[in-house]
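Topology and contacts: notes
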Amino acid sequence: MDRHEGEIKVWDPVVRVFHWSLVLFVGIAFLAGEDYLKLHVQAGYGVIALVLFRLLWGLVGTRHARFSEFMYRPRVVLNYLKDLVTFRAKRYLGHGPAGGSMVIALLLGLLLTSVSGLAFYGGKKMAGPFAGMMVGVDPFWIKALEEVHEVLAGGTALLIGLHVAGVLFSSFAHRENLIKAMITGYKPKATADAPALEEGLR
Ligand code: HEM
């Protein structure tokens, strides 16, 4: 019997490896913090590399990995959010309007947080790729960079919390295991309350 009978492939291996590596690197950066600065910075390099790679994959990757598949107009996102709270949201195969917008916000948040961190590191420790640019910069601006990095990190942590809450809520609302889908790559073709797959509803 086919192991994936009744299922459909949604997430390619690149997306899945990217996702769980990102969780690992962001987790390490968060736990290492300032106390283990070297590890924190190395994890930050990992995050930048992963996000840049994902941006490229969003242009040339498989169908559901492409940005063109999950960029929705603001009105569509708002209507979807309204439907979500009343448990009427349609089931999407790839990223839906809320999830898709969150993916873009997360990628931007992670990139800005990591790059601002590297710039601050360059100014404070005279190390890393930005060190040369930071020679002679007034300490006021180095301090400002630290604040910017902290605010961005806090904002991105908030987005991650919302992302995980959204995944759990959506899994519950549609009676499907989205976490398992991000591990195996497969989603059920139909679920009990959403027999037809909704796609391309932009
Ligand atoms: C550091 C924490 C996390 C970050 C930065 C993060 C980031 C992301 C990103 C960028 C995507 C889009 C994947 C892509 O299209 O390439 C995504 C999707 C996803 N993430 Fe996370 N994630 C985090 C933690 C988690 C955790 C803890 C879970 C499980 C509870 C989770 C479950 C998922 C699922 C199920 C999807 C697919 C959502 C859908 O079906 O539309 N993520 N995440």
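Above this text is the structure in question.
Residues numbered from 1 in each chain as written. Predicted model: local features only at pLDDT ≥ 70, side-chain atom pairs only at ≥ 80, totals over all residues.

**As for the overall build of the protein chain**
Looking only at helices and strands, the protein chain features seven helices and two strands. Counted from the first residue to the last, the protein chain has its helices and strands arranged as β-α-α-α-α-α-α-α-β. For the protein chain, the proportion of contacts with a sequence separation of at least 24, taken over those separated by at least 6, is 63%. (Helix = DSSP H or I, 4+ residues; strand = E, 2+ residues; numbered from the N terminus. Contact = placed C-beta atoms within 7 Å.)

**Considering helix 1 (residues 13-32)**
The end-to-end C-alpha distance of helix 1 is 28 Å, a good match for the 28 Å that 20 residues give at a rise of 1.5 Å each. Buried within helix 1 we find V15, F25, V26 and A29. Here the buried residues of helix 1 occupy an arc of 100° about the axis, which is enough to place them on one side. Opposite the buried face of helix 1, at more than 90 degrees from it, the exposed residues are P13, V17, W20, G27 and L31. (Expected span 1.5 Å × (residues − 1). Buried ≥ 20, exposed ≤ 12 C-beta atoms within 10 Å, placed from the backbone. Arc of directions from axis to C-beta.)

**Points about the packing of helix 4 (residues 74-85) against helix 5 (residues 97-125)**
Look at helix 4 against helix 5: their axes get within 8 Å of each other, and the N-to-C directions meet at 120°. When the axis of helix 4 is compared with that of helix 5, the two are oblique. Contact residues: helix 4 offers V76, V77, Y80, L81 and L84, while helix 5 offers P97, A98 and S101. Classifying every residue of the contact of helix 4 with helix 5 by side-chain character gives seven nonpolar, one polar and no charged. (Axes fitted to C-alpha atoms, helices over the stretch in contact; angles between N-to-C directions. Parallel < 35°, antiparallel > 145°, perpendicular 65-115°, else oblique. Nonpolar A, V, L, I, M, F, W, Y, C, P; charged D, E, K, R; others polar.)

**Some points on the packing of helix 5 against helix 6 (residues 139-173)**
Axis separation between helix 5 and helix 6 bottoms out at 8 Å; the angle between their running directions is 155°. With respect to helix 6, the axis of helix 5 lies roughly antiparallel. Note on packing geometry: the crossing formed by helix 5 with helix 6 is left-handed. Tallied by class, residues from the contact of helix 5 with helix 6 come to 15 nonpolar, eleven polar and two charged. (Left-handed = near helix turned anticlockwise from the far one by under 90°.)

**Comments concerning the site of the ligand**
Taken together, 20 residues form the shell around the ligand, and within it V26, H95, G99, L178 and M182 come nearest. Looking at the shell around the ligand, the elements that each hand over two or more residues are helix 1, helix 5, helix 6 and helix 7 (178-184). Ranked by residue count, the leading element in the shell around the ligand is helix 1, at six residues. A class-by-class count of the residues in the shell around the ligand yields 15 nonpolar, four polar and one charged. (Near = placed C-beta within 6 Å.)

**With respect to the nonpolar core**
Core analysis: the largest hydrophobic core is formed by eight residues, namely F25, V26, A29, A43, V47, L50, V51 and L110. Elements with a minimum of two residues in this core: helix 1 and helix 2 (37-60). With residues near it in sequence (within four places) discarded, V51 still touches L107, L110 and L111. (Core = buried A, V, L, I, M, F, W, Y, C linked by C-beta atoms within 7 Å.)

**Points about unusual backbone geometry**
For M126, which is not glycine, the phi dihedral falls at a positive 50°. Along the chain, M126 falls in the loop between helix 5 and helix 6. We classify M126 as exposed; it has 12 C-beta atoms within 10 Å. Even without being a glycine, R175 presents a positive backbone phi close to 50°.

Geometric descriptors of this kind do not, in isolation, establish any biological role.
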